[in-house]
Amino acid sequence: MDSPKMAELKGLKLAQRHGKSRVRVARVWRDRDGKHHFAEWSVNISLLSDCLPAYIAADNSDIVATDTMKNTVYAKAKECSEQLSAEDFAIVLAKHFTSFYQQVTAAIVNIVEKPWERISIKGQQHDHGFKLGSERHTTEVMVDKLGTLRMTSGIEGLSILKTTSKGFWRFIRDKYTMLPETRERMMATEVTASWRYSYESLSSLPLKPLYFTERYMDVKEVLLNTFFGPSKEGVYSPSVQATLYEMAKAVLGRFPDISFIQLKMPNLHFLPVNLPSKDNPVIVKFDDDVYMPTDEPHGTIQATLSRLRSKM
């Protein structure tokens, strides 16, 4: 005979998940020589739990309270006596929730790190002074009870611009098209990148401290170098799509432990100011150009590249 729980759920499949979002925590680490290190994280936690009675019988005995999740973030941050990356802190939290609570089958921890940067005074780095930068470091870690791991990292809000070496021509033209073709224009965008690491278990992770912080900085450097090219001559871009592809390909070619990368790069528009005259009735370019930043809708330009798995 079916139990009341099974009878009530017959013919239905219930996926259960609950969590806590936007837990803000900051951590200071102090070296013996007086130099301080600082990180500020916004933490989101999602627990996949076997807590069916909470849904069908108003029994909360298997629920991990959101207050508990919030306080766990603070407690675990305090326990991390050595400086660590956002990725490693996400792993610390995910491991705790899946090992400490029997009913939690998997934990997903998402962290956005604020870009606090060490400040320099008269060319010398300050021991305990920081300023807020722009782009944000992101990560999402999923861990289950067996130690299976899925980890992604990324960048949000990386605004970049070059004032030349960009074109766009031979695109589809129809009665709705007003954009003129050009082989010379400004290129500005805001990069959102997300990449997946190939580590599939906790035991396979590199042991080097701050490994993922260094990898984040290295990936950002490759993206920027590919976008801008050499400092003097630069690199020409025939389209945002072509540049985006080269940036993604460069990351996969440089880092063997990254198996997948997704890039989003909408155009930030700067349109030449049109000052028509009898001699020049259309937009013309001068040696020194004046542009009008616009808030017109951005085009969605994105691509995903991943490594092909070799067949056994």
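The name that an unreviewed UniProt entry assigns to the chain is Uricase, with the source organism given as Anisodus tanguticus. What UniProt states about the chain under its Sequence similarities (unreviewed entry) heading is, verbatim, "Belongs to the uricase family." According to UniProt, the comment filed for the chain under the heading Function (unreviewed entry) is "Catalyzes the oxidation of uric acid to 5-hydroxyisourate, which is further processed to form (S)-allantoin."

Caption draft 1: The overall build of the chain, seen in detail. The secondary structure content of the chain amounts to six helices and twelve strands. For the chain, with 312 residues in total, the buried portion stands at 37%. A fraction of 65% describes how many contacts in the chain between residues 6 or more apart in sequence connect residues 24 or more apart. Surface exposure of the chain reaches about 19,300 Å², of which carbon and sulfur atoms provide 53%.

Caption draft 2: View of the UniProt feature "binding site: 5-hydroxyisourate" (unreviewed entry) in the chain. Under the UniProt annotation, "binding site: 5-hydroxyisourate" (unreviewed entry) lies at T66, D67, F168, R185, V240, Q241 and N267. Examined against the element boundaries, D67 turns out to sit in helix α3 (residues 66-79). The residue V240 is located in helix α6 (residues 240-254) in this model. Once you skip the residues sitting within four places of it in the chain, V240 turns out to touch K166, M187, M265, N267 and I301.

Caption draft 3: Quick peek at α6. In this model, α6 (15 residues) spans 21 Å end to end at C-alpha, consistent with the 21 Å of a helix rising 1.5 Å per residue. V240, T243, L244, M247, A248, V251 and L252 are the residues of α6 that are buried. In the core, the buried residues of α6 are packed alongside β8 (187-197), α5 (211-228), β9 (258-264) and β12 (302-306).

Caption draft 4: Broad picture of the pattern of salt bridges. Across all of its chains, the model carries eleven salt bridges by this definition. E135 is the salt-bridge partner of K220, the closest N and O atoms lying 2.6 Å from each other. Of the two residues, K220 sits in helix α5 while E135 sits in the loop between β5 (124-132) and β6 (136-144), which places them 85 residues apart along the sequence. Each of the two residues, K220 as well as E135, counts as buried. Measuring nitrogen to oxygen at the nearest pair gives 3.7 Å for the salt bridge that ties R215 to D218. Separated by three residues within a single helix, R215 and D218 lie in helix α5, roughly one turn from each other. Since its relative accessible area comes to 12%, R215 is described here as buried. For D218, a relative accessible area of 25% gives the class partly exposed. One connected set of salt bridges, linked through shared partners, spans R24, E40 and K114.

Caption draft 5: Region of the structure containing the packing of α5 against α6. Put simply, α5 and α6 touch, their axes get as near as 9 Å, and they point 140 degrees apart. As the angle between them shows, α5 and α6 are arranged oblique. The crossing of α5 and α6 is right-handed. On α6, the residues that touch V219, V222, L223, T226 and F227 of α5 are T243, E246, M247, A250, V251 and R254. Across the contact of α5 with α6, the residue classes tally to seven nonpolar, two polar and two charged.

What counts and what doesn't
All chains use their own residue numbering, which begins from 1 and follows the written sequence. Owing to the predicted nature of the model, reporting of local features is limited to residues with pLDDT of at least 70; listing and counting of side-chain atom pairs is limited to 80 or more, with chain, interface and lining totals taken over all residues. As a rule here, side-chain values come from all non-hydrogen atoms in the structure, and water together with hydrogens is ignored. UniProt positions are given in the numbering used here, feature names are shortened, and annotations may be inferred rather than shown by experiment. Each helix is a run of H or I in the DSSP string that is no shorter than four residues. Each strand is a run of E no shorter than two, and both are numbered from the N terminus. With a 1.4 Å probe rolled over the protein chains alone, any residue whose accessible area is under 20% of its type maximum counts as buried; one over 50% counts as exposed, and the rest are partly exposed. By definition in these notes, contact holds between two residues if any of their heavy atoms fall within 4.5 Å. Values of accessible area rely on a 1.4 Å probe in the Shrake-Rupley scheme; residue burial ignores everything except the protein chains shown. What a helix is expected to span follows from its residue count: subtract one and scale by 1.5 Å. The term salt bridge refers to a side-chain nitrogen of Lys or Arg lying within 4 Å of a carboxyl oxygen of Asp or Glu. The axes used here are C-alpha line fits, helices contributing only the stretch in contact, and every angle between their N-to-C directions lies in the interval 0 to 180 degrees. With respect to orientation, any angle under 35 degrees is reported as roughly parallel, any angle over 145 as roughly antiparallel, any angle of 65 to 115 as roughly perpendicular, and every other angle as oblique. For any pair of crossing helices, the crossing counts as left-handed if the nearer helix is rotated counterclockwise from the farther one by less than a right angle, and right-handed if it is rotated clockwise. Under the convention adopted here, Pro, Cys and the residues Ala, Val, Leu, Ile, Met, Phe, Trp and Tyr are nonpolar, Asp, Glu, Lys and Arg are charged, and Gly plus all remaining residues are polar.

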